[in-house]
Amino acid sequence: MRLSPALYVLVAAGSLTQAAAVDKRDLASEIWADIESAASCTACEALLVVLKGLAAFGNTIFVDTITEVCKLSGADDPDVCEGAVALEGPILAQDLRGMTVGSHTSTLFCNTFFGLCPFPAVTPYSVTFPSPKPATTRPAVSGQPPLTFVHISDIHVDQFYETGASYNCTKPICCRPYTAADAPGNNGYPAGPYGNTACDAPVSLEDSMFAAINSIAPNAAFTIFTGDIVDHAVWLVNETQVTADIQDAYSHMASLPHVYTTAGNHEASPVNAFNPAAVKTSLDIQWLYNLLATDNQPYLGSDAQEIQNFGAYSTKFAGGNLRIISINSNLYYKENYWLYEKTMESDPSGQLAWLVSELDAAEQAGENVYIIGHMAMGLDDALHDGSNYFNQIVDRYSATIAALFFGHTHVDQFEIAYTDYTNPSFSNALEVSYLAPSMTPTSGPPAFQVVSVDPVTFGVLDITTYIANISDPSYQNGPTWVEYYSAKQAYGPLVDPPLTDPTAELTPAFWHNVTVAFENDDTAFQSYIAHKSRGWNVPSCTGDCKTSEICGMRAAEAQYNCATVTPGINFRKRDEGLERLPGVVEERVCDGARLRPLLSKLAARDGLLEEMLEKVQVKYRE
Ligand SMILES: *[C@@H]1O[C@H](CO)[C@@H](O)[C@H](O)[C@H]1NC(C)=O
Ligand SMILES: *[C@@H]1O[C@H](CO)[C@@H](O)[C@H](O)[C@H]1NC(C)=O
Ligand SMILES: *[C@@H]1O[C@H](CO)[C@@H](O)[C@H](O)[C@H]1NC(C)=O
Ligand SMILES: *[C@@H]1O[C@H](CO)[C@@H](O)[C@H](O)[C@H]1NC(C)=O
């Protein structure tokens with residue numbers, strides 16, 4: 001996951017256009033003051049009027065103008081500006097043209113793009129169920145010898161990674177010969193053969209990790225891959241490259257135990273752009289669904305055809321009473337700009353209705369279900385409405401769903417679902433979503449997890465995380481994969497009574513009790529924080545950070561995750577999803593810090609606005 005450069009650009013555009021009405025000299029500070037004042041949702045809506053005006057001129061003028069702003073602001077390298085705005089600008093322009101200022105959609109837009117409006121309240125919508133919730137609950141574990149599977153996520157393989165290319169560049173990811181000076185032999189920061197924390201994963205790392213999985217977990221029954229294959233050079237993505245990346249990843253995954261996959265936000269081109277069925281566009285994402293249907297044929301047989309509908313599928317595991325339902329979480333993702341429709345749909349592409357029918361059939365068949373997806377639905381990346389509707393379904397089928405598995409944030413974490421989020425306790429904890437750490441080393445050592453489960457109920461017994469320590473100098477001789485920690489060993493002793501029996505389940509109540517232990521035992525909490533990024537660049541997390549972190553664990557529904565909207569940057573409430581890319585590390589650690597560097601650049605460049613407008617005018621004079 002990476003924030004799209006276009007977002008920063010839009011922020012710049014907003015600053016500039018609004019400045020037309022104020023003294024241009026003090027532009028940046030005025031806008032910053034505006035943005036910082038709590039009552040600026042109205043100001044944002046005024047800004048939208050201006051942006052709508054620009055969008056009304058058509059995509060070309062919109063894209064050219066915003067690109068110019070991006071370049072002049074120095075928000076990103078010129079080629080990144082050109083690529084990213086050209087790809088994402090037309091979708092934003094279409095959103096803006098259809099937008100009614102003052103509507104739910106425009107409020108949400110101001111929230112997502114500028115952090116200037118609070119999240120609008122969830123639009124009430126009751127998901128329809130064919131039958132009432134049964135009185136049954138999750139079955140107790142059988143105690144039979146466990147079955148294991150592997151969970152991998154966010155592989156982000158960079159086909160253009162070059163050993164010896166500079167790992168110190170000004171782009172979102174490095175280790176590519178972007179310029180002659182970056183090329184192997186010409187720079188003072190040569191990347192090693194197995195990856196760098198400033199870069200996405202080389203193929204050599206993928207090969208190493210997949211070989212390690214086979215040697216460490218030779219008896220694994222299957223693999224869950226929770227998405228994101230494509231690298232973070234989002235300004236360069238195109239359908240041809242994404243297709244090649246996906247084909248390559250699937251051919252590598254053929255070496256793993258039977259794989260169940262799901263589509264990440266990076267599998268789209270432009271990135272994140274999954275249009276729901278109701279949005280007709282020449283940028284239709286159908287090509288991806290067709291590709292995934294074909295590529296998943298070996299794993300799913302005829303069940304793979306369903307992927308063509310909206311990227312989701314439901315299939316039965318051959319080795320036990322387990323159904324795997326893979327959802328397309330991108331249809332609820334804040335950064336999917338296709339979702340900002342004039343009237344936002346309650347059920348984009350009808351995926352939720354389909355999920356209900358699949359779960360209802362599973363309930364009637366007495367099956368256990370794993371829901372897998374890319375973005376966990378409690379993250380602040382999830383639209384509150386979609387997350388609420390999804391959670392109604394999780395609640396209704398909580399006796400059938402054994403667990404949920406996601407990725408996206410690149411860090412190792414979990415989210416608990418409750419029947420009552422306003423009063424979370426061990427007694428109303430319903431389900432656990434497990435988020436796997438990434439293979440790409442941009443957020444810490446590359447990692448995978450081995451999950452041990454009850455072979456009858458499919459309740460989770462333990463999760464063991466394996467890493468290759470990229471900070472260790474010997475790593476570049478060939479990664480050594482070692483056990484990092486076991487969830488049961490690390491957290492089982494924290495609860496009362498201690499949960500240490502190998503056959504005991506890590507239930508939702510257990511995880512709730514772990515969050516209580518974190519509140520009371522700071523050493524335990526800090527060890528969790530270290531586990532998130534596999535001991536790499538471990539942030540200090542105390543006070544509000546700790547409160548908000550624990551709140552996030554207790555929120556599988558996004559509106560309860562305590563994420564606050566900070567003017568100018570509402571995207572990252574904590575370090576989850578933090579990518580620690582070169583040059584932006586400090587800027588991303590704290591809320592609110594991402595916009596400041598851009599605004600200060602604007603402030604430092606006297607006449608920037610005039611320069612930009614002039615260029616655009618010259619271009620369109622005739
Ligand atoms: C990257 O290069 C710049 C000089 O071009 C230097 O100041 C900086 O410390 C380098 N960063 C890293 C991570 O080595
Ligand atoms: C697609 O992207 C690849 C890799 O960046 C590039 O080599 C290729 O020329 C691009 N194709 C088109 C049609 O733009
Ligand atoms: C990784 O290696 C570095 C450098 O040797 C070390 O400081 C760090 O503790 C190691 N991390 C883990 C998780 O072992
Ligand atoms: C959770 O804690 C409560 C007490 O607060 C206790 O009664 C219950 O047994 C615990 N459950 C687990 C699974 O740890």
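Note that the coordinates shown come from a computational prediction; the quantities given were computed from them, not determined experimentally.

**Q** Could you give an account of the overall build of the chain, with specific residues and numbers?
**A** Along the chain, the regular secondary structure elements total 20 helices and twelve strands. In the chain, buried positions account for 62% of the 622 residues. Considering only intrachain contacts with a sequence separation of at least 6, the fraction spanning at least 24 residues in the chain is 73%.

**Q** Could you give an account of the site of ligand 3, naming the residues involved and the relevant values?
**A** Lining the immediate environment of ligand 3, one finds Ile467, Asn469, Ser471, Asp472, Tyr484 and Arg534. In the complex, the protein chains occlude 45% of the 360 Å² of accessible area that ligand 3 would expose alone.

**Q** Describe the environment of alanine 191, listing the residues and the values that go with them.
**A** Here alanine 191 shows up in the loop between strand E1 (147-152) and helix H7 (203-216). For alanine 191, a relative accessible area of 4% gives the class buried. Between the C-alpha atom of alanine 191 and that of cysteine 175, which follows or precedes it by 16 residues, the distance is 6.1 Å.

**Q** Can you tell me about the sheet that holds strand E4 (residues 313-316), naming the residues and giving the values?
**A** Pairing is mixed in the open sheet, where six strands are placed in the order E4-E5-E6-E7-E9-E8. Two strands bound the open sheet, and with one partner strand each, they are E4 and strand E8 (413-418). Within the sheet, the average angular offset between the axes of one strand and its neighbour, ignoring direction, is 20°. Direction of pairing for strand E5 (residues 322-326) relative to strand E6 (residues 368-375): parallel, over a ladder of five bridges. Paired with serine 326 across the strands is isoleucine 372, a residue of E6.

**Q** So what's going on with the packing of aromatic side chains? Residues and values would help.
**A** Using the criterion set out here, one finds 31 aromatic pairs in the structure. With centroids separated by 5.9 Å and ring planes inclined at 70°, the aromatic side chains of phenylalanine 129 and tyrosine 397 adopt a geometry described as edge-to-face. In this pair, phenylalanine 129 sits in the loop between helix H6 (104-114) and E1 while tyrosine 397 sits in the loop between helix H13 (384-396) and strand E7 (401-407), placing the two residues 268 residues apart along the sequence. According to the relative accessible area criterion, phenylalanine 129 is partly exposed, its value standing at 25%. Both rings, one in phenylalanine 149 and one in phenylalanine 222, keep their centres 4.7 Å apart while their planes meet at 10°; by these two values the pair is stacked. A residue pair is termed long-range when its members are at least 10 positions apart, and phenylalanine 149 in strand E1 and phenylalanine 222 in the loop between H7 and strand E2 (223-225) qualify at 73 residues.

**Q** So what's going on with the environment of leucine 96? Residues and values would help.
**A** Tracing the backbone through its elements, the reader meets leucine 96 in helix H5 (residues 78-98). With 46 residues separating them in the primary sequence, leucine 96 and valine 50 have C-alpha atoms 9.9 Å apart.

**Q** Break down the pairing of E8 for me, citing the residues and quoting the values.
**A** Here E8 lies mainly inside the structure; six of its six residues are buried. By the alternation rule, side chains of E8 split into Gln413, Glu415 and Ala417 and Phe414, Ile416 and Tyr418, which are all buried. Two elements, E8 and strand E9 (residues 429-435), share six bridges in a ladder whose sense is antiparallel. Across the sheet, isoleucine 416 pairs through a bridge with valine 432, a residue of E9.

**Q** Outline the sheet that holds strand E3 (residues 259-261), supporting the account with residue identities and numerical values.
**A** Pairing is mixed in the open sheet, where six strands are placed in the order E3-E2-E1-E10-E11-E12. At either margin of the open sheet sits one strand with a lone partner, and together these are E3 and strand E12 (481-486). The average undirected angle you get between the axes of adjacent strands in this sheet is 25°.

**Q** Run through unusual backbone geometry, naming residues and quoting values.
**A** Looking along the chain, the bond that leaves serine 269 and enters proline 270 is cis, with omega of -5°. Residues aspartate 496 and proline 497 are joined by a peptide bond in cis, for which omega reads 0°. Note that proline 497 resides in the loop between helix H14 (487-491) and helix H15 (508-520). If you check the backbone angles, histidine 156 has positive phi at about 40° while not being a glycine.

**Q** Run through the confidence of the model for the chain, naming residues and quoting values.
**A** In the predicted model, the chain carries a mean pLDDT of 86, and 84% of its residues have values of at least 70. This model gives residues 1-32 a pLDDT under 50, and the stretch forms 92 contacts once residues within four places in sequence are excluded. Across residues 568-606 the pLDDT falls below 50, and counting only partners more than four positions away or on other chains, this stretch makes 115 contacts in the model.

**Q** Break down the site of ligand 2 for me, citing the residues and quoting the values.
**A** Taken together, Phe160, Asn238 and Gln241 are the residues near ligand 2. Note that an oxygen atom of ligand 2 is positioned 2.3 Å from one of the side-chain N or O atoms of asparagine 238. For ligand 2, the protein covers 39% of the area, taking 360 Å² as the surface of the free molecule.

**Q** Pulling in residues and values, what's your account of the state of the cysteines?
**A** With the rule as written, the count across this model stands at four disulfides. Note that cysteine 541 is cross-linked by a disulfide to cysteine 545, the S-S spacing being 2.1 Å. A torsion of -105° about the S-S bond marks the disulfide between cysteine 541 and cysteine 545 as left-handed. What makes cysteine 541 buried here is its relative accessible area of 2%. A sulfur-sulfur separation of 1.9 Å characterises the disulfide bridge that pairs cysteine 551 with cysteine 562. Looking along the S-S bond of the cysteine 551-cysteine 562 disulfide, the torsion reads about 80°, which is the right-handed sense. Remark: cysteine 562 occurs in the loop between helix H17 (544-553) and helix H18 (585-589) and cysteine 551 occurs in helix H17; sequence separation between them is eleven residues. Overall, the relative accessible area of 41% leaves cysteine 562 in the partly exposed class.

**Q** Would you mind going over the pairing of E9 in detail, with residue names and values included?
**A** Extensive coverage of E9 is indicated by the burial of seven of its seven residues. As defined by bridge partners, E7 adjoins E9 across three bridges and the pair is classed as parallel. If you follow phenylalanine 406 over to E9, its bridge partner there is leucine 435.

**Q** How would you explain the nonpolar core if you had to name every residue and give the values?
**A** Core analysis: the biggest nonpolar cluster contains 125 residues, and Ile152, Phe222, Tyr370, Phe448, Trp511 and Phe518 have the highest contact counts within it. Discounting chain neighbours no more than four positions away, the residues touching phenylalanine 222 are Leu147, Thr148, Phe149, Val150, Pro257, His258, Tyr260, Phe317, Leu322, Ile324 and Tyr370. The next biggest cluster of nonpolar side chains, apart from the first, holds 30 residues, and it includes Leu48, Val63, Val85 and Cys110.

**Q** I'd love a proper account of the pattern of salt bridges, names of residues and values included.
**A** For the coordinates displayed, the defined rule picks out eleven salt bridges. Between lysine 133 and aspartate 395 there is a salt bridge whose closest N-O contact spans 2.7 Å. With lysine 133 in the loop between H6 and E1 and aspartate 395 in helix H13, this pair connects stretches of sequence that are 262 residues apart. Connected through salt bridges with shared partners, the residues Asp77, Asp79 and Lys171 form a single ionic network.

Scoring rules and cut-offs
Residues numbered from 1 in each chain as written. Chains lettered and ligands numbered in written order. Predicted model: local features only at pLDDT ≥ 70, side-chain atom pairs only at ≥ 80, totals over all residues. Heavy atoms only, no water. Helix = DSSP H or I, 4+ residues; strand = E, 2+ residues; numbered from the N terminus. Buried < 20%, exposed > 50% of the residue type's maximum accessible area, 1.4 Å probe, protein only. Contact = heavy atoms within 4.5 Å. Near = heavy atom within 4 Å. Areas by Shrake-Rupley, 256 points an atom, 1.4 Å probe, with all protein chains shown as cover. Pairing = 2+ DSSP bridges. Axes fitted to C-alpha atoms, helices over the stretch in contact; angles between N-to-C directions. Phe/Tyr/Trp six-rings, centres within 6.5 Å; stacked < 30°, edge-to-face > 60°. pLDDT = per-residue confidence, 0-100. Polar contact = N/O pair within 3.5 Å; in protein donor to acceptor, adjacent residues only side chain to side chain. Disulfide = S-S within 2.5 Å. Core = buried A, V, L, I, M, F, W, Y, C linked by side-chain atoms within 4.5 Å. Salt bridge = Lys/Arg side-chain N within 4 Å of Asp/Glu carboxyl O.

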